[in-house]
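So you can see what is in the structure, the chains are spelled out below.
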Amino acid sequence: MQDNTGFDTWPANQTVPSPFTPVGQSPWPLAIAVSAMVTAGGVIAYTFHEGVTILALGILAFLTTIALWTRDALNDGPNLLKAGIIPQISFRYGVTLFIIAELMLFVAFFWGYFTFFFFPAKMGIGHVAVWPPAHIHTINPLGEPMFATLVMLLSSTTLTGSFDGILQGNRTNAALGMAATAILAVAFLGGQIYEFANLPFPVYHGGIYPSLFLILTSFDMLHVIMGVILLTLCFVRIVRGAFTPDHYAGFQTIAWYWNFVDVLWLFMFVAVYWIGASAVTAS
């Protein structure tokens, strides 16, 4: 239903919880923030050999919240189609601010990395002023990292094809493109797991390089895991007809997030794997 301004309006027999959201209040953002803090505390406790109980509880709470939030998102699909322009704009602003916050997180991580990259003498006494450290054999950038890069670039292509399907009202093409994107994201994760299982340098007590490498790659993997969840959710919503050529804010913001993850990986590939490679790389 539309009024004389051209904006969507709700039927008279329905109650609008707020002009900014068609689905009402949700406890899941707060719940996921609390579970994430518990998980972070569990990681710290595990680092100091305090056991894994807190970490396990945090991960369980985090995954449970994700599942419940996903359930509500799928059930709210029909209401989202009735949303006017205000919820779509506010949703885009919210996701944009989230992506900016995540970008600042990685700016901090890369700041630490490039501090030692350009000033290796800062590693301290007992270290040769060279980066990567002289005892580190880095990963061959033309191996698994190149495979991961090609997979990420291809996933952006399939995601664009899926978006074109939405804009053209072709649900089949949109679903196929999104399914391909999710499969490629899982393939990327598989490659990363293989890489982590075959690192050519010691993880524990290996110095500053393994610490920076793991914090960069593991946080990137965490974002890819979240991307897989969002892409899968988006695929289910496409199948259910939750997006139309006029209502696709949810799809668009997920595409923004995945393109952010893609660009982040490209920067990491160039900075960490390629120009950050040592004279001797593992096969």
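Predicted model, so just to flag it, every value in this text is computed and none were measured. Counting of residues starts from 1 at the beginning of each chain's written sequence and follows it residue by residue. For this predicted model, a pLDDT threshold of at least 70 governs which residues receive local features, and a threshold of 80 or more governs which side-chain atom pairs are given and counted, while totals over whole chains, interfaces and linings are taken from all residues. Remark: hydrogens and water are excluded; side-chain values derive from all non-hydrogen atoms of the structure.

Draft legend 1. Quick peek at the overall build of the chain. Numbering of helices and strands runs from the N terminus, with a helix taken as a DSSP run of H or I at least four residues long and a strand as a DSSP run of E at least two residues long. For the chain, the count of helices and strands is 8 helices and 2 strands. When the helices and strands of the chain are listed from N to C terminus, the series reads α-α-α-α-β-α-α-α-α-β. Expressed as a percentage of its 283 residues, the buried residues of the chain come to 38%. By the convention used here, residues are in contact when the closest approach between their heavy atoms is within 4.5 Å. Nonlocal contacts in the chain, meaning residues at least 24 apart in sequence, comprise 77% of its contacts between residues at least 6 apart. Only the protein chains shown count as cover for residues, with accessible areas throughout obtained via the Shrake-Rupley method and a probe of 1.4 Å. Total accessible area on the chain is roughly 15500 Å²; 71% of this is exposed by carbon and sulfur atoms. Burial classes: relative accessible area under 20% of the type maximum marks a residue as buried, over 50% as exposed, and values in between as partly exposed (1.4 Å probe, protein chains only).

Draft legend 2. A look at the packing of aromatic side chains. Think of it this way: a Phe, Tyr or Trp ring, Trp meaning its six-membered ring, pairs with another when their centres are within 6.5 Å, and the plane angle makes it stacked under 30 degrees, edge-to-face over 60, tilted otherwise. Under the criterion given, the structure shown has 23 aromatic pairs. Judged by centre distance (5.4 Å) and plane angle (90°), the ring pair of Phe-201 and Tyr-209 falls under edge-to-face. For the pair formed by Phe-201 and Tyr-209, the shared burial category is buried. Measuring from centroid to centroid gives 6.2 Å for Tyr-209 and Phe-213, while their planes differ by 20°, and the two rings are stacked. Here the residue Tyr-209 and the residue Phe-213 both occupy positions in helix 7 (residues 208-239), the gap between them amounting to 4 residues, near one helical turn. Both residues of the pair, Tyr-209 and Phe-213, count as buried.

Draft legend 3. Geometry of helix 1 (residues 28-47). For helix 1, built from 20 residues, the straight-helix expectation of 28 Å at 1.5 Å per residue is met to within 8% by its first-to-last C-alpha distance of 28 Å. Among the residues of helix 1, those classed as buried are Trp-28, Ile-32, Ser-35, Thr-39, Gly-42 and Ala-45. One face of helix 1 carries all of its buried residues, which in axial projection span an arc of 135°. Within helix 1, the exposed residues directed more than 90 degrees away from the buried face are Leu-30, Met-37, Ile-44 and Thr-47. A helix is expected to span 1.5 Å for every residue after the first. As used here, the arc is the angular range of directions from the helix axis to the C-beta atoms.

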